[in-house]
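Chain by chain, the residues:
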Amino acid sequence: MILDADLVSIQEVRTALFQAQEAQKKLAAYSQEQIDAIVASMSRAGIEAAERLAAMAVEETGFGNVADKKVKNLFAARDVYNALREQKTVGIIGKDEAKQVWKVAHPVGIIAGIVPSTNPTSTAMFKAMIAVKAGNAIVISPHPSAARCTLEATQVMAQAAEQAGAPPGLIHCIRNPTLQATQELMKHKLTDLILATGGTQMVKAAYSSGKPAYGVGPGNVPVFIHPSADLTAAARRIVQSKTFDYGTICASEQALVVEESVKREWVNALKREGAYFLDEREKEKVSAVIAVNGSLNAKMVGRSAPSIAQMAGIAVPPETRVLIGEETSVGKAYPFSIEKLAPVLAMYTVPDTQSGFARCRQLLELGGLGHTAGIHAADQQVIEAYGKEMPASRIAVNTGTTFGGIGATTAIFPSLTLGCGALGNNITSDNIGPEHLFNIKRVAFGVREMPQTPQEEGSVSAGQEPVQEAVLQALSGMNITINREEIKNIIQSVLAEMRG
């Protein structure tokens, strides 16, 4: 009997969701200490499996390299864990004694975790850890081209969680991912929240599912090089950042914007770090490799600089780490100006700082609004102005944007899901963590009494005021002295008898 693959995958999703529902109900009764022990076990298992999972990811997808994917796995399993391990996520998580307001964490329930092919194992581990830390179950939908390694990473997390006492069925991964299965997962009545990392269309599907969703936007990251920068250090940091896992992290640099006054020194600094500057002929050939039919060519994603050069039919030194093409225009018609998930950079030369700011803004508006921007400078006023002006949620200063954006070299929360805020059509501009995966209830004590209205204090109603005034005038004409309070009491007494 031949079974329809879509139907099989849809049934798999439904089964996983029902099992996750039962497991999450049990987890909801766990203490903070029990949750923390489970997440600690997941962290240890992720660290132990980091290199094995990295090798599986490179073998299956062809993206990146094993050494850097291992670092990404360790970042998810170790660095993220270190950042969240002391976080309160169960029960009362805060008390404001002065205002008499308590904050109580309440898990959202079941998370649908959409995982990309560029970071298939690290993102799976990251999402599983933050979901469980917040008291939730999670069902992961892998990219079809990375199904095997994402499944393995998820199973590592699930086994470690259960060994530490988690209810069975808390963490799932779709074994036979299809588009229909992912749609079923996102729209099913048991799914409570979507955590989507992937392509633009997938994120749009998450937002249109009718479910609460945290999505991410593209990262066409510009970096401004100010004359006050330490150019040697900036070049080293940028090349290290852009070549990390061959550019597969969306926070990696996409375009360098440098002032004319320091261009020569800047170019020399980049060359010392292994950058290869393309001439016009070579640039045209690489442009043809970057974009196909107006979209990023998937075949060049996550490949080394020499591999991309070979695809383009040009010769570069084998030690080349990054390809750089000088550009003067921004737009879809200029492939160097778009997001390139590979060690390929555009470089723009500008006459002054304001022109540099304008160019960076242009690049973000092309396809990176709300994501990340970088600046290398020593002038604090320039840094402040750049931070205020750029329409980006993360401004990485004097560090590689790959590492700065995810929180590896900066003090922002370490994360592999980076919100782009309203600028990028996202609900948050934060680096996503456990706090985004539970609701906060507020237990609020009365700290003041509401003032009583005049009627509640015993005054006559507005409709009785003319009567009171008429009686007062009539008695005055009869030389009978009586005050307003006595009249009010008489009227209320008569009205009370009438009602009786």
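Let us look at the structure shown here. Bear in mind the structure is a predicted one, so any value in this text is a computation, not a measurement. (Residues numbered from 1 in each chain as written. Predicted model: local features only at pLDDT ≥ 70, side-chain atom pairs only at ≥ 80, totals over all residues. Heavy atoms only, no water.)

**Describing the packing of aromatic side chains**
- Applying the stated criterion to the full structure yields five aromatic pairs.
- Relative to Phe403, the ring of Phe244 has its centre 5.2 Å away and its plane inclined at 70°; by these criteria the two rings are edge-to-face. Here Phe244 is found in the loop between helix 8 (231-243) and strand 9 (253-259), whereas its partner Phe403 is found in helix 14 (residues 401-406), with 159 residues between them in sequence.
- Among the aromatic residues, ring-to-ring pairing joins Phe224, Phe357 and Tyr386 into one connected group.
- Just above the ring of Trp102 sits the side chain of Lys95; from NZ or CZ to the centre is 4.2 Å. (Phe/Tyr/Trp six-rings, centres within 6.5 Å; stacked < 30°, edge-to-face > 60°. Helix = DSSP H or I, 4+ residues; strand = E, 2+ residues; numbered from the N terminus. Lys NZ or Arg CZ within 6 Å of the ring centre and 35° of its normal.)

**Considerations on the pairing of strand 4 (residues 137-141)**
- In terms of burial, strand 4 is largely enclosed, as five of its five residues are buried.
- In strand 4, alternate side chains face the same way, and those of Ala137, Val139 and Ser141 on one face and Ile138 and Ile140 on the other are all buried.
- Relative to strand 4, strand 3 (residues 110-114) runs parallel, the two being bridged by five bridges. Bridging from a neighbouring strand, Ile111 pairs with Ile138 of strand 4.
- Handedness of the crossover joining strand 3 and strand 4 through helix 4 (residues 122-133): right-handed.
- Pairing of strand 4 with strand 5 (residues 171-173), which is carried by three bridges, proceeds in the parallel orientation. If you follow Ile138 over to strand 5, its bridge partner there is Ile171. (Buried < 20%, exposed > 50% of the residue type's maximum accessible area, 1.4 Å probe, protein only. Pairing = 2+ DSSP bridges. Right-handed = clockwise from strand over helix to strand, strands pointing away.)

**Re the packing of helix 4 against helix 5 (residues 147-163)**
- Contact geometry for helix 4 and helix 5: axes closest at 8 Å, N-to-C directions at 30°. Note on packing geometry: the crossing formed by helix 4 with helix 5 is right-handed. Here Ala124, Met125, Ala128 and Met129 of helix 4 lie close against helix 5, whose contacting residues are Thr150, Ala153, Thr154 and Met157.
- A class-by-class count of the residues in the contact of helix 4 with helix 5 yields six nonpolar, two polar and no charged. (Axes fitted to C-alpha atoms, helices over the stretch in contact; angles between N-to-C directions. Left-handed = near helix turned anticlockwise from the far one by under 90°. Contact = heavy atoms within 4.5 Å. Nonpolar A, V, L, I, M, F, W, Y, C, P; charged D, E, K, R; others polar.)

**Some thoughts on the sheet that holds strand 1 (residues 91-96)**
- Sheet architecture is open: three strands sit in the order 1-2-17, paired in antiparallel fashion. Looking at strand neighbours, the two that pair on one side only are strand 1 and strand 17 (438-444), the edges of this open sheet. Here the average twist between neighbouring strands, direction ignored, is 25°.
- Here seven bridges tie strand 2 (residues 101-107) to strand 17, and the two strands are oriented antiparallel to one another. Residue pairing in the sheet places Pro107 in a bridge with Phe438 of strand 17.

**Some thoughts on the pattern of salt bridges**
- Tallied over the full model, the rule gives 13 salt bridges.
- Glu184 is the partner of Arg14 in a salt bridge, and the nearest nitrogen-oxygen pair spans 2.9 Å. Of this pair, Arg14 sits in helix 1 (residues 5-27) while Glu184 is found in helix 6 (residues 179-187), placing the two residues 170 residues apart along the sequence.
- By relative accessible area, Glu184 is classed as buried at 18%. (Salt bridge = Lys/Arg side-chain N within 4 Å of Asp/Glu carboxyl O.)

**Points about the sheet that holds strand 5**
- Read from one edge to the other, the open sheet built from five strands follows the order 5-4-3-6-7, with strand pairing classed as parallel. Edge positions in the open sheet fall to strand 5 and strand 7 (213-214), since each of these has one partner strand only.

**A closer look at a nonpolar patch on the surface**
- The grouping of Val443, Phe445 and Val447 at the surface amounts to a nonpolar patch, some 230 Å² of accessible area in total.
- As for its placement among the helices and strands, Phe445 is situated in the loop between strand 17 and helix 15 (465-477).
- Judged by its relative accessible area of 38%, Phe445 is partly exposed. (Patch = residues over 30% accessible without salt bridge, like charges linked within 9 Å, V, L, I, M, F, W, Y side chains within 5 Å. Areas by Shrake-Rupley, 256 points an atom, 1.4 Å probe, with all protein chains shown as cover.)

**A short note on helix 1**
- Across its 23 residues, helix 1 extends 32 Å between first and last C-alpha, which sits within 8% of the 33 Å expected from 1.5 Å per residue.
- Listing the buried residues of helix 1 in full gives Ser9, Ile10, Glu12, Val13, Ala16, Leu17, Ala20, Ala23, Gln24 and Leu27.
- Sitting at the amino-terminal end of helix 1 is Asp4, which places a side-chain oxygen 2.9 Å from the backbone nitrogen of Asp6. (Expected span 1.5 Å × (residues − 1). Polar contact = N/O pair within 3.5 Å; in protein donor to acceptor, adjacent residues only side chain to side chain.)

**A short note on unusual backbone geometry**
- The phi torsion at Asn293 lies on the positive side, around 55°, for a residue other than glycine.
- Turning to its location among the elements, Asn293 is positioned in the loop between strand 11 (291-292) and strand 12 (295-296).
- Judged by its relative accessible area of 80%, Asn293 is exposed.
- Look at Asn425: it is not a glycine, yet its phi comes out positive at around 60°.
- Locating Asn425 in the fold gives a position in the loop between helix 14 and strand 17.

**Observations regarding the environment of Tyr386**
- In this structure, Tyr386 sits in helix 13 (residues 380-389).
- When the C-alpha atoms of Tyr386 and Ala373 are compared, they prove to be 9.3 Å apart, with 13 residues separating the residues in sequence.
- Contacts of Tyr386, omitting those with residues within four sequence positions, involve Pro222, Val223, Phe224, Phe357, Cys360, Ala373, Gly374, Ile375 and Ile395.
- Of note is the side chain of Tyr386, whose polar atom sits 2.9 Å from the backbone oxygen of Gly374.

**Digging into the nonpolar core**
- Membership of the largest hydrophobic core comes to 78 residues, with the highest contact counts inside it found for Met42, Ile171 and Leu437.
- The greatest single-element share of this core, amounting to 10 residues, is contributed by helix 2 (residues 32-61).
- With residues near it in sequence (within four places) discarded, Leu437 still touches Pro107, Val108, Ile111, Ile130, Ala131, Ala134, Asn136, Leu193, Leu195 and Tyr214.
- With 36 residues, the next largest nonpolar core counts Ala305, Ala312, Val344 and Val350 among its residues. (Core = buried A, V, L, I, M, F, W, Y, C linked by side-chain atoms within 4.5 Å.)

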